[in-house]
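Report on the structure
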Amino acid sequence: AQKITQTQPGMFVQEKEAVTLDCTYDTSDQSYGLFWYKQPSSGEMIFLIYQGSYDEQNATEGRYSLNFQKARKSANLVISASQLGDSAMYFCAMREGRDTGNQFYFGTGTSLTVIP
Amino acid sequence: NAGVTQTPKFQVLKTGQSMTLQCAQDMNHNSMYWYRQDPGMGLRLIYYSASEGTTDKGEVPNGYNVSRLNKREFSLRLESAAPSQTSVYFCASRDRGRAGELFFGEGSRLTVL
């Protein structure tokens, strides 16, 4: 079974609008972390936001927020007020456990295009 | 402020040739990782090293070997390259912070003819 599932290969959003990128995960661990990364066309991987499994509040970082629904095992990324520079691939990832040696699992990504 | 440095950035090999991708981090992180990225497949873990002196297989280890030379350096070796190993390779490192996120290198694009 896939550890991370991103069902939207491509998304379009109008500039200044909000967009939600979907992510569901599969784990039996009680302690885990959820991450979103951005990969622009230049290729580097940029860390955006983190949500711990025990965090009661949804994580926010500037225009990024993570809609964490533990019972549904979903960790959707919400980008508010989209900008042209938000056009990129977005990857959802999960780390099981808390130790430094744990594996990270990535989804297949969502390509976001912001339309002027 | 180098972070994670990978070399080379680009490489073209012929089938059967060998090569080593080098990775070094200057953040004093314990864990290091090698991923490959293929279109439509996301990032898949090849090998990782939880700490100096240890290495473990990830999802797609076949055809690769790794060496954790010291705390800073983690190399990935292709002994006999195959066209299926054409990919972009990322090295990453992390430590035990609140998030413990991965810090990535810029990637190495490898083409096997």
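Structure report, in brief. (Residues numbered from 1 in each chain as written. Chains lettered and ligands numbered in written order. Predicted model: local features only at pLDDT ≥ 70, side-chain atom pairs only at ≥ 80, totals over all residues. Heavy atoms only, no water.)

Approximately 490 Å³ is the volume found for the largest pocket. In this structure, the largest pocket is lined by 26 residues; those nearest its centre are Q39 and G43 of chain A together with Q37, V88 and R109 of chain B. Mapped onto the lining of the largest pocket, the elements with two or more residues apiece are β10 (88–96) of chain A together with β4 (31–38), β9 (87–94) and β11 (108–112) of chain B. Of all the elements, β11 of chain B adds the most residues to the lining of the largest pocket, at four residues. For the lining of the largest pocket, the residue count by class is nine nonpolar, 13 polar and four charged. (1 Å grid on protein atoms, 1.4 Å probe; cavity = no way out; pocket = protein on both sides within 12 Å on 5 of 7 lines; lining within 4 Å. Points joined across faces, edges and corners; volume = space filled by probe spheres on them. Helix = DSSP H or I, 4+ residues; strand = E, 2+ residues; numbered from the N terminus. Nonpolar A, V, L, I, M, F, W, Y, C, P; charged D, E, K, R; others polar.)

So, about the pattern of salt bridges. Residues and elements named next belong to chain B. All chains considered together, the criterion is met by six salt bridges over all chains. Of the charged contacts, one joins K9 and E106 as a salt bridge, the two residues approaching to 3.7 Å between their closest N and O atoms. Taken together, the residues K9 in the loop between β1 (4–7) and β2 (10–13) and E106 in the loop between β10 (103–104) and β11 connect sequence positions 97 residues apart. For K9, a relative accessible area of 35% corresponds to the partly exposed category. (Salt bridge = Lys/Arg side-chain N within 4 Å of Asp/Glu carboxyl O. Buried < 20%, exposed > 50% of the residue type's maximum accessible area, 1.4 Å probe, protein only.)

Attention shifts here to the environment of N58 of chain A. Residues and elements named next belong to chain A. Counting through the fold element by element, N58 comes out in the loop between β6 (46–52) and β7 (60–61). With eleven residues separating them in the primary sequence, N58 and Q69 have C-alpha atoms 9.0 Å apart. Look past the residues within four positions of N58 in its chain and what remains in contact with it is Q51, L66, N67 and F68. Here the side chain of N58 touches F68 through a polar contact of 3.1 Å, landing on its backbone nitrogen. (Contact = heavy atoms within 4.5 Å. Polar contact = N/O pair within 3.5 Å; in protein donor to acceptor, adjacent residues only side chain to side chain.)

A word on the interface of chain B and chain A. Taken residue by residue, the interface counts 23 residues in chain B and 20 residues in chain A. Regarding the contact of chain B and chain A, the summed buried area is about 1,900 Å², with carbon and sulfur atoms giving 54% of it. At the junction of chain B and chain A, the tally comes to zero salt bridges. In this assembly, chain B and chain A are joined by four residue pairs in polar contact (both at pLDDT 80 or more). Going through the elements one at a time, β4, β5 (42–49) and β9 of chain B are the ones with two or more residues in the side of chain B that touches chain A. Partitioning the side of chain B that touches chain A into residue classes produces eleven nonpolar, six polar and six charged. (Buried area = accessible area lost by both parts, 1.4 Å probe.)

With that settled, consider the state of the cysteines. Residues and elements named next belong to chain A. Evaluated as defined, the whole model comprises two disulfides over all chains. At a sulfur-sulfur separation of 2.0 Å, the disulfide partner of C23 is C92. Disulfide C23 to C92: torsion about the S-S bond roughly -65 degrees, handedness left-handed. In this pair, C23 sits in the loop between β3 (19–21) and β4 (24–25) while C92 sits in strand β10, placing the two residues 69 residues apart along the sequence. Neither residue differs from the other here; C23 and C92 are each classed as buried. (Disulfide = S-S within 2.5 Å.)

All names here are of chain A. In terms of nonpolar packing, the biggest core is built from 25 residues, with Y25, W36, I49, L77, Y90 and L112 touching the most fellow members. Going through the elements one at a time, β3, β5 (32–39), β6, β8 (64–69), β9 (74–79), β10 and β12 (110–115) are the ones with two or more residues in this core. Examining the composition of this core, we find that four residues originate from one element, β10, more than from any other. (Core = buried A, V, L, I, M, F, W, Y, C linked by side-chain atoms within 4.5 Å.)

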